[in-house]
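Okay, here's what each chain looks like letter by letter:
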Amino acid sequence: MFRCGISYPRCRWILPLLLLFAIIFDIIAIAAQSGWVEDENAKTHYASMWKQCRGRNDEWDCKSLMEHPWAQAVAALMIIGLIILIIAFIISFVALCCTLNISLLPLVGGLLIFAVIIQIIALIIYPVKFNELIYEGYYDYTWAYGFGWGATVLMLGCGILFCCLPRYEDELSGMAKTKYIYTSA
């Protein structure tokens, strides 16, 4: 005999852990000093969410992007998304790891979906406005920008799971009867 399906009691620990990874990815994306955008091999121009630098070898002239309203909006949206993510993580940890409070799970899912929407807006505004500001050829969106998208995708997946988990209260609490696919005669 074998059992099939998701091990719901494990979800109680895995989902907050995934949210913790999303927090780490978001912090990396926000705090990165380079790595959002760079020209070919970062030879003459690169930019983060906060500043852009031009130059060659060891002589770089850096300017803040915070002079532009779109860059301020991107920074604000990413930080607000991170704050909402941290609040959702704390609530999910309390709801799943400390006590099993099923009524808080849709709240966490809603917060995560809201944070996803905010961060998607920020992650779309940045390349559009950056390309309008500086279009000098071919640019790559690199590792830190990818961490921003990685955090957003993790939040989306967790948000969907948190919205679906209340239907499986018995499975989460371990009170559900085991369902077998195959039994021997």
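Residues take numbers from 1 onward in each chain, read along the sequence in its written order. The model is predicted, so local features are restricted to residues of pLDDT at least 70 and side-chain atom pairs to those at 80 or more, both for listing and for counting; the totals for chains, interfaces and linings are taken over all residues. Each side-chain value is worked out from all heavy atoms of the structure, with water and hydrogens disregarded.

Caption draft 1: Geometry of the overall build of the chain. Only DSSP runs of H or I covering at least 4 residues are called helices, and only runs of E covering at least 2 are called strands; the numbering of each starts at the N terminus. Looking only at helices and strands, one finds five helices and five strands in the chain. Reading the chain from its N end, one meets helices and strands in the order α-β-β-β-β-α-α-β-α-α. Any pair of residues with heavy atoms lying within 4.5 Å of one another is described as a contacting pair. Contacts in the chain between residues at least 24 apart in sequence constitute 70% of all its contacts with a sequence separation of at least 6. The Shrake-Rupley method, run with a 1.4 Å probe, gives the accessible areas here. Residue values count only the displayed protein chains as cover. Total accessible area computed for the chain in this model is approximately 10,400 Å², and 64% of it derives from carbon and sulfur atoms.

Caption draft 2: Up close: helix α4 (residues 143–164). Multiplying 1.5 Å by the residue count of a helix minus one yields the expected span of that helix. Taking 1.5 Å per residue as the helical rise, α4 with its 22 residues ought to reach 32 Å, and the 32 Å between its terminal C-alpha atoms agrees with that figure. For α4, the complete set of buried residues consists of Ala-144, Tyr-145, Gly-148, Ala-151, Thr-152, Met-155, Cys-158, Gly-159 and Phe-162. All buried residues of α4 lie within an arc of 155 degrees about the axis, which places them on one face of the element. The buried label applies to any residue whose accessible area, calculated with a 1.4 Å probe on protein chains only, is under 20% of its type's maximum; exposed applies above 50%, and partly exposed to all values in between. The arc in question is the one spanned by the directions pointing from the helix axis to the C-beta atoms.

Caption draft 3: Spotlight on the environment of Met-155. On the secondary structure map, Met-155 appears in helix α4. Sequence-wise, Met-155 and Leu-15 are 140 residues apart; in three dimensions their C-alpha atoms are separated by 9.9 Å. Discounting chain neighbours no more than four positions away, the residues touching Met-155 are Ala-22, Leu-85, Leu-112, Ala-115, Val-116 and Gln-119.

Caption draft 4: Here's a closer look at a nonpolar patch on the surface. What makes a patch is a set of residues exposed beyond 30% relative accessible area and free of salt bridges, joined within 9 Å when like-charged and within 5 Å when nonpolar (Val, Leu, Ile, Met, Phe, Trp, Tyr). The term salt bridge refers to a side-chain nitrogen of Lys or Arg lying within 4 Å of a carboxyl oxygen of Asp or Glu. A cluster of nonpolar residues, Leu-17, Leu-20, Phe-21 and Ile-24, forms a patch on the protein surface that exposes about 320 Å² of accessible area. Its location among the elements puts Leu-17 in helix α1 (residues 8–31).

Caption draft 5: Spotlight on the environment of Asp-26. Relative to the assigned elements, Asp-26 resides in helix α1. A sequence separation of 124 residues divides Asp-26 from Gly-150, and the C-alpha atoms of the two residues are 8.2 Å apart. Sequence-distant contacts of Asp-26, that is, excluding residues within four places in its chain, are made with Met-78, Gly-81, Leu-82, Leu-85, Gln-119 and Ala-151.

Caption draft 6: Quick peek at the pairing of strand β4 (residues 59–64). When strand β3 (residues 51–56) meets β4, the two strands line up antiparallel, connected through six bridges. Residue pairing for β4: Gly-55 is matched across the bridge by Trp-60. Note on pairing: two strands pair once DSSP finds at least 2 bridges between them. Between β3 and β4, which pair antiparallel in sequence order, lie two residues; one of them, Asn-57, sits at a positive phi of approximately 50 degrees.

Caption draft 7: Spotlight on the UniProt feature "transmembrane region" (unreviewed entry) in the chain. Those residues carrying the UniProt feature "transmembrane region" (unreviewed entry) are residues 12–32, 73–97, 104–126 and 146–165 in this numbering. A distance of 28 Å separates the end C-alpha atoms of residues 146–165, which is 95% helix and 0% strand. UniProt positions are given in the numbering used here, feature names are shortened, and annotations may be inferred rather than shown by experiment.

Caption draft 8: Spotlight on the packing of aromatic side chains. Any Phe, Tyr or Trp ring, taking Trp's six-membered ring, that has another such ring centre within 6.5 Å forms a pair; planes under 30 degrees apart are called stacked, those over 60 apart edge-to-face, and the others tilted. Summed over all chains, the structure comprises ten aromatic pairs. Seen from their ring centres, Trp-70 and Tyr-126 are 5.8 Å apart, and the 65 degrees between their planes marks the pair as edge-to-face. One end of the pair, Trp-70, is in helix α2 (residues 69–98); the other, Tyr-126, is in helix α3 (residues 105–133), with 56 residues separating them in the sequence. The same class applies to Trp-70 as to Tyr-126, namely buried. With a centroid separation of 6.3 Å and an interplanar angle of 85 degrees, the aromatic rings of Trp-143 and Phe-147 are classed as edge-to-face. Residue Trp-143 and its partner Phe-147 are both found in helix α4; the two are separated by four residues, about one turn of the helix. You can call Phe-147 partly exposed: its relative accessible area is 26%. An aromatic cluster of at least three residues, connected via ring pairs, comprises Trp-36, Trp-70, Tyr-126, Phe-130, Tyr-141, Tyr-145 and Trp-149.

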